[in-house]
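Here is how the chains run, residue by residue.
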Amino acid sequence: MNSAVLLVSLAFTREFRRFTRKFCGFTREFRRFTREFGQFTREFRRFTREFGQFTREFAALLVSLGNLLVSSAALLVNSAALLVNSAVLLVNSAVLLVSSAALLVNLGSLLVNSAALLVSLMFLLEMLNVVKP
């Protein structure tokens, strides 16, 4: 082999070694990047799981709050209906009281009319001389 070919061969070998060192450096950097990216991916998956759990819990809380709101509204409507029914009962009791008072007045009037009829009959019988005092 002549010296020119040997020099070219050595220069090529040196350049190839330099290239392989650089390539190995890039490969190490790429492996480090993929490890870091894998770690990031695992952390992101954990975050999305936790966020999904939080979202489900928040949705359940909103549903519970909605149910509580509906129950409260139903309780309010039932309370209003009870109040109306109580007012109707009070009015009916007042009407019954007035009707009872009117019945008592009518009974009193009947008693007075009966007494007057009895007195009239006594006078009539006395006039006819049927009853001797």
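Look above for the structure.
A brief look at the structure comes next. (Residues numbered from 1 in each chain as written. Predicted model: local features only at pLDDT ≥ 70, side-chain atom pairs only at ≥ 80, totals over all residues. Heavy atoms only, no water.)

### Looking at the overall build of the chain
Condition: Numbering goes from the N terminus for both helices and strands, where a helix is a DSSP run of H or I of at least four residues and a strand is a run of E of at least two. For this measure, only C-alpha atoms enter the radius of gyration; the expected value for a globule follows 2.2 Å times N^0.38, where N is the number of residues. The classification of residues rests on relative accessible area computed with a 1.4 Å probe and restricted to protein chains. Under 20% of the type maximum is buried, over 50% is exposed, and intermediate values are partly exposed. The accessible surface values rely on the Shrake-Rupley method and a 1.4 Å probe; as for residues, cover is taken only from the protein chains in view.
The number of helices and strands found in the chain is one helix and zero strands. For 133 residues, the compact-globule formula gives about 14 Å, and the C-alpha radius of gyration of the chain, at 56 Å, lies well above that figure. If you line up the chain on its principal axes, its C-alpha atoms span 185 × 15 × 10 Å. Looking at the chain as a whole, 2% of its 133 residues are labelled buried. Split by element, the accessible area of the chain, about 12300 Å² in all, is 74% carbon and sulfur.

### Comments concerning the packing of aromatic side chains
Which entries qualify depends on this criterion: Any two of the Phe, Tyr and Trp rings considered here, Trp counted by its six-membered ring, make a pair once their centres fall within 6.5 Å; the pair's planes then place it as stacked at under 30 degrees, edge-to-face at over 60, or tilted in between.
Scanning the entire structure with this criterion turns up eleven aromatic pairs. Residues Phe-16 and Phe-19 carry aromatic rings whose centres are separated by 6.5 Å and whose planes lie at 35° to one another, so their mutual orientation is tilted. With Phe-16 and Phe-19 both in helix H1 (residues 3–127) and three residues apart, the pair spans about one turn of that helix. An aromatic cluster of at least three residues, connected via ring pairs, comprises Phe-30, Phe-33, Phe-37, Phe-40, Phe-44, Phe-47, Phe-51, Phe-54 and Phe-58.

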